[in-house]
Amino acid sequence: MAILVVADHHNEALSDATHKTVTAAQQIGGDIDILVAGKDCRPVAEAAAKIAGVRKVLYADDARYEHRLAEPLAALIVSLADDYDAILKAATTTGKNVMPRAAALLDVMQVSDIIAVEAPDTFVRPIYAGNALQTVKSTDKKKVVTVRATAFKAAEENGSASIEDVQPADDPGLSSFVKEELTKSERPELTAAKIVISGGRALGSYENFEKLIFPIADKLGAAVGASRAAVDAGYVPNDYQVGQTGKVVAPELYIAVGISGAIQHLAGMKDSKVIVAINKDEEAPIFQVADYGLVADLFKALPELNEALG
Amino acid sequence: MKLLVPVKRVIDYNVKVRVKSDQSGVDLANVKMSMNPFDEIAVEEAVRMKEAGTAQEIVVVSIGPEKAQDQIRQALAMGADRGLLVKTEAETEPLGVATLLKAIVEEEKPDLVIMGKQAIDDDCNQTGQMLAALLGWPQGTFASKIEKKDGEIHVTREIDGGLQTVSLKLPAVVTTDLRLNEPRYASLPNIMKAKKKPLDVKDPSDYGVDLKPRLEVLKVTEPPKREGGVKVETVAELVDKLKNEAGVL
Ligand SMILES: Cc1cc2nc3c(=O)[nH]c(=O)nc-3n(C[C@H](O)[C@H](O)[C@H](O)COP(=O)(O)OP(=O)(O)OC[C@H]3O[C@@H](n4cnc5c(N)ncnc54)[C@H](O)[C@@H]3O)c2cc1C
Ligand SMILES: Nc1ncnc2c1ncn2[C@@H]1O[C@H](COP(=O)(O)O)[C@@H](O)[C@H]1O
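The shown structure was predicted, so the numbers you read here are calculated from the model rather than taken from an experiment.

Enquirer: Can you help me understand the interface of chain A and chain B in this one?
Expert: Between chain A and chain B, the residue contacts involve 85 residues of the former and 78 residues of the latter. Three residues, Met109(A), Tyr128(A) and Tyr292(A), lead the burial of chain A against chain B; their summed loss comes to 12% of the area buried on that side. The salt bridge involving Asp291(A) is made with Arg226(B); its shortest N-O contact spans 2.7 Å. Taken together, the connections running from chain A to chain B amount to 49 residue pairs in polar contact (both at pLDDT 80 or more).

Here you go:
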């Protein structure tokens with residue numbers, strides 16, 4: 001078996017999701033190569049070369065890969081696919097965008113968002129917002145798989161793989177990059193943070209996030225998340241959304257504040273180690289998954305919590 | 001422009017699904033079924049484009065059971081013009097659906113396909129990307145804004161770090177995210193009118209497409225259940241437990 005792991009990065013740093021995808025690849029078993037496609041991102045390729053158990057890093061440096069557009073990136077993956085039995089990428093928004101395109105070009109049915117490897121052709125994945133787990137066996141010759149990063153441990157960094165340049169593939173030229181508006185934050189990245197504090201509709205405004213949630217997050221070194229309702233209302237940016245259709249997180253500690261606990265939200269956080277819920281409605285479904293529930297008005301409880309944390 | 005909108009009949013998002021005891025799947029008997037929420041957003045966007053004069057015709061297609069006509073009728077009541085059901089009782093898989101949709105696109109020749117980013121039953125998030133690949137068209141996934149500009153289409157996409165805007169040549173495939181719009185409820189008169197709108201029913205074999213799945217489902221199981229814990233009375237008690245009992249602070 002030879003496995004290609006497509007790296008996740010924004011040209012500057014290699015995302016931890018790549019290390020976790022390598023672990024999934026190790027569980028499938030075989031020689032593992034990592035593809036780093038981007039623009040001026042040799043440090044990313046160097047970081048990938050350090051991941052334990054990697055045979056080599058394929059480095060494609062070209063302007064057409066700068067913004068991770070699906071059409072050229074899928075074409076590149078397809079151009080390399082002959083050498084591999086399985087192609088994996090983390091189920092980040094880039095993975096979700098690019099991999100099904102590559103899969104269809106290879107006439108393969110992708111296995112999305114796996115949380116476990118049962119055999120080289122058999123995987124477990126959540127369906128129905130995580131309310132059921134499906135074990136599927138792929139009958140395709142080649143496997144194309146996206147990996148739920150939170151379900152796998154990060155591979156270590158004691159390797160020293162070689163870095164090989166690869167030629168860019170023909171760019172189909174179907175789309176072009178216009179702009180990117182990225183959320184700037186000093187806080188840890190949601191999916192990688194050890195502690196996450198999320199606010200729901202009950203927060204009522206951005207100002208309340210700023211006044212009540214952010215100071216606690218900063219004291220705890222936590223990332224800030226939100227329910228869909230809070231994002232839809234414009235309190236916080238879209239990439240704060242935790243849930244079935246947002247980000248999946250599994251921190252040591254997840255604090256849900258003013259969130260009712262709809263199944264779509266639970267889908268994104270119920271694998272957290274310890275869950276705390278603060279809600280003024282003692283019947284709120286979030287309490288059914290919370291290890292510690294506090295029935296209280298958040299406008300009173302959060303300032304107290306901030307104080308108690310010193 | 002002519003628009004094609006694929007919609008899927010799925011379990012309603014409010015239903016708490018139950019896994020069958022023989023592990024063959026989830027229990028769909030007597031549960032409420034609806035249009036996939038992301039597809040409702042796709043229909044709404046198409047109707048708005050028609051209202052704005054950017055689009056002239058909207059064709060809605062579903063691949064699914066006889067009953068999926070209900071979802072097509074709902075889309076017609078929201079403002080789509082014509083429906084097509086490709087009838088199959090079997091569960092569909094994204095690659096098969098994309099292959100069939102490609103054949104339909106070749107017949108209907110739309111300028112833009114707008115569809116959901118994800119079906120909330122299989123949670124695959126693949127079909128739109130696959131359709132774009134098979135057609136050799138560009139893709140704008142997870143759209144929170146769609147604008148026609150100088151013969152191309154600008155799509156603002158919800159990505160992990162924030163928002164990305166790409167420009168796509170037409171024809172193209174766009175998939176919807178939650179914040180693209182808020183779908184309307186169809187009015188009673190429009191529901192009545194929708195009953196008279198054309199709805200064709202066909203068979204996958206009419207397109208020469210084989211929907212045979214590539215993934216074999218070995219079993220469907222219940223996820224490990226999380227037990228609710230304890231209620232604490234005060235913030236001080238909470239902090240104490242997190243520090244001394246859970247050891248996470
Ligand atoms: C297709 C689809 C996908 C979805 N995907 C997601 C997703 O990825 N993530 C997600 O989060 N949602 C998602 N949703 C939405 C989900 O169904 C819920 O609507 C949403 O999670 C509700 O957000 P909320 O808990 O903040 O708001 P609400 O349900 O309105 O809950 C607010 C809570 O705050 C409590 N409260 C009010 N005031 C106070 C106070 N002063 N102090 C303390 N508590 C207070 C209330 O008791 C209530 O429990 C999706 C829905 C659909 C249809
Ligand atoms: N059987 C189907 N009939 C019509 N459209 C479908 C079907 N399956 C998937 N789709 C479309 O593809 C989108 C993504 O589905 P999926 O890739 O299964 O998550 C859905 O939101 C629909 O727009």
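Enquirer: In this structure, what is going on with the pattern of salt bridges? I would like to understand it.
Expert: Opposite charge on two side chains permits pairing when their charged atoms draw close. Residues and elements named next belong to chain A. Within the structure shown, the criterion is met by 40 salt bridges over all chains. Here Arg42 ties to Asp165 by a salt bridge, and the two come within 3.6 Å at their closest N and O atoms. Taken as a pair, Arg42 in helix 2 (residues 42-49) and Asp165 in strand 10 (residues 162-165) lie far apart in primary sequence, 123 residues in all. On the basis of relative accessible area, Arg42 is assigned to the partly exposed category, the value being 35%.

Enquirer: Mind showing me how you'd approach the pairing of strand 14 (residues 253-257) of chain A here?
Expert: Looking along a regular strand, one sees side chains alternate from face to face of the sheet. All names here are of chain A. Among the five residues of strand 14, five are classified as buried, and the element is accordingly described as predominantly covered. In this structure, strand 12 (residues 195-199) lies alongside strand 14, joined through five bridges in parallel fashion. Bridging from a neighbouring strand, Ile195 pairs with Leu253 of strand 14. The pairing of strand 14 with strand 15 (residues 274-279) spans five bridges and is classified as parallel. Within the sheet, the bridge partner assigned to Ile255 lies in strand 15 and is Val276.

Enquirer: Teacher, can you tell me more about the sheet that holds strand 3 (residues 54-61) of chain A here?
Expert: The strands that make up a sheet are held in pairs by hydrogen bonds between backbone atoms, and each pair lies either parallel or antiparallel. Residues and elements named next belong to chain A. With parallel pairing, seven strands are arranged side by side in an open sheet as 5-9-4-1-2-3-10. This sheet does not close on itself; its edge strands, each paired only once, are strand 5 (111-114) and strand 10. Averaged over all pairs of adjacent strands, the angle between their axes in this sheet comes to 25°, without regard to strand direction. Summarising the sheet, strand 1 (residues 2-6) and strand 2 (residues 31-38) pair through five bridges and their orientation is parallel. Note that in strand 2 the partner of Val6 across the bridge is Leu35. The sheet strands contacting helix 1 (residues 16-28) are strand 1, strand 2, strand 4 (86-90) and strand 9 (143-147), and the helix crosses strand 4 at an angle near 150°. Across the sheet, helix 2 is in contact with strand 2, strand 3 and strand 10; its angle to strand 3 comes to roughly 170°.

Enquirer: Sorry if this is basic, but what is going on with the environment of Thr245(A) here?
Expert: Relative to the assigned elements, Thr245(A) resides in the loop between helix 6 (228-232) and strand 14. For Thr245(A), a relative accessible area of 15% gives the class buried. Along the sequence, Thr245(A) and Gln264(A) sit 19 residues apart, while their C-alpha atoms lie 7.5 Å from each other. Discounting chain neighbours no more than four positions away, the residues touching Thr245(A) are Phe38(B), Lys117(B), Gln118(B) and Leu178(B). Within the structure, the side chain of Thr245(A) is placed 3.3 Å from the side chain of Gln241(A), a separation counted as a polar contact.

Enquirer: What is the right way to look at unusual backbone geometry in this model?
Expert: All names here are of chain B. Cis rather than trans, the peptide bond between Leu170 and Pro171 has omega equal to -5°. One non-glycine residue, Asp123, lies in the positive phi region at around 50°. In this fold, Asp123 is placed in the loop between strand 6 (112-116) and helix 4 (127-135). The backbone phi angle of Asn125 is positive, close to 60°, even though this residue is not glycine.

Enquirer: Can you walk me through the packing of aromatic side chains in this structure?
Expert: A ring pair, where both rings are aromatic, is described by two values, the distance of the centres and the angle of the planes. In total, this model carries two aromatic pairs over all chains according to the counting rule given. On the basis of an interplanar angle of 70° and a centroid distance of 5.9 Å, the ring pair of Tyr206(A) and Phe214(A) is categorised as edge-to-face. Given a relative accessible area of 9%, Phe214(A) falls into the buried group. Taking the centre distance of 6.4 Å and the plane angle of 55° together, the rings of Phe209(A) and Phe214(A) count as tilted. Overall, the relative accessible area of 0% leaves Phe209(A) in the buried class. Among the aromatic side chains, those forming a connected cluster through ring pairs are Tyr206(A), Phe209(A) and Phe214(A). One Lys or Arg, Arg187(A), reaches over the ring of Phe214(A) and ends 4.2 Å from the middle of that ring. Across from the ring centre of Phe142(B), 5.7 Å away, lies the NZ or CZ of Lys117(B), which sits over that ring.

Enquirer: It is not clear to me how the site of ligand 2 should be interpreted in this structure. Could you clarify?
Expert: Residue and element names in this part refer to chain B. Contacts to ligand 2 come from 20 residues, most closely from Asp39, Ile63, Ala119, Asn125 and Thr127. At 3.0 Å, a backbone N or O of Pro6 approaches an oxygen atom of ligand 2. Here Cys124 contributes a backbone N or O atom positioned 3.5 Å from an oxygen atom of ligand 2. In isolation ligand 2 offers 480 Å² of accessible surface; the protein chains occlude 99% of this area. Spatially, ligand 2 is embedded in the largest cavity. Elements represented by at least two residues in the shell around ligand 2 include exactly strand 4 (57-64), helix 3 (94-108) and strand 6. Examining the composition of the shell around ligand 2, we find that three residues originate from one element, strand 4, more than from any other. Classifying every residue of the shell around ligand 2 gives nine nonpolar, eight polar and three charged.

Enquirer: Would you mind going over the UniProt feature "domain: Electron transfer flavoprotein alpha/beta-subunit N-terminal" (unreviewed entry) in chain B with me for this structure?
Expert: The feature "domain: Electron transfer flavoprotein alpha/beta-subunit N-terminal" (unreviewed entry), as annotated in UniProt, sits at residues 23-211 of chain B in this numbering. When the span residues 23-211 of chain B is considered, its composition is 30% helix and 31% strand, and the gap between its end C-alpha atoms is 23 Å.

Enquirer: Just to check I follow, could you spell out the UniProt feature "domain: Electron transfer flavoprotein alpha/beta-subunit N-terminal" (unreviewed entry) in chain A for this structure?
Expert: Cross-referencing UniProt, the feature "domain: Electron transfer flavoprotein alpha/beta-subunit N-terminal" (unreviewed entry) maps to residues 3-181 of chain A in the present numbering. End-to-end, the C-alpha atoms of residues 3-181 of chain A are 34 Å apart, and along that stretch the chain is 25% helix and 35% strand.

Enquirer: Quick question: what am I supposed to make of the domain arrangement of chain A here?
Expert: Residues and elements named next belong to chain A. When its domains are assigned, chain A resolves into domain 1 (2-165) and domain 2 (190-309). Relative placement of domain 1 and domain 2: their C-alpha centres are 30 Å apart. Counting residues at the interface gives seven residues for domain 1, matched by nine residues for domain 2. Among the residues of domain 1 in contact with domain 2, Ala129, Arg148 and Thr150 are the three that bury the most area, contributing 66% of the side total. Summed over the shared surface of domain 1 and domain 2, the result is zero salt bridges. Where domain 1 meets domain 2, there are one residue pair in polar contact (both at pLDDT 80 or more). Residue composition of the side of domain 1 that touches domain 2, grouped by class: two nonpolar, three polar and two charged.

Rules used in this analysis
Residues numbered from 1 in each chain as written. Chains lettered and ligands numbered in written order. Predicted model: local features only at pLDDT ≥ 70, side-chain atom pairs only at ≥ 80, totals over all residues. Heavy atoms only, no water. Contact = heavy atoms within 4.5 Å. Buried area = accessible area lost by both parts, 1.4 Å probe. Salt bridge = Lys/Arg side-chain N within 4 Å of Asp/Glu carboxyl O. Polar contact = N/O pair within 3.5 Å; in protein donor to acceptor, adjacent residues only side chain to side chain. Helix = DSSP H or I, 4+ residues; strand = E, 2+ residues; numbered from the N terminus. Buried < 20%, exposed > 50% of the residue type's maximum accessible area, 1.4 Å probe, protein only. Pairing = 2+ DSSP bridges. Axes fitted to C-alpha atoms, helices over the stretch in contact; angles between N-to-C directions. Phe/Tyr/Trp six-rings, centres within 6.5 Å; stacked < 30°, edge-to-face > 60°. Lys NZ or Arg CZ within 6 Å of the ring centre and 35° of its normal. Near = heavy atom within 4 Å. Areas by Shrake-Rupley, 256 points an atom, 1.4 Å probe, with all protein chains shown as cover. 1 Å grid on protein atoms, 1.4 Å probe; cavity = no way out; pocket = protein on both sides within 12 Å on 5 of 7 lines; lining within 4 Å. Sits in = over half its atoms within 2 Å of the grid points. Nonpolar A, V, L, I, M, F, W, Y, C, P; charged D, E, K, R; others polar. UniProt positions renumbered as here; feature names shortened; annotations may be inferred. Domains from an automatic or database assignment.

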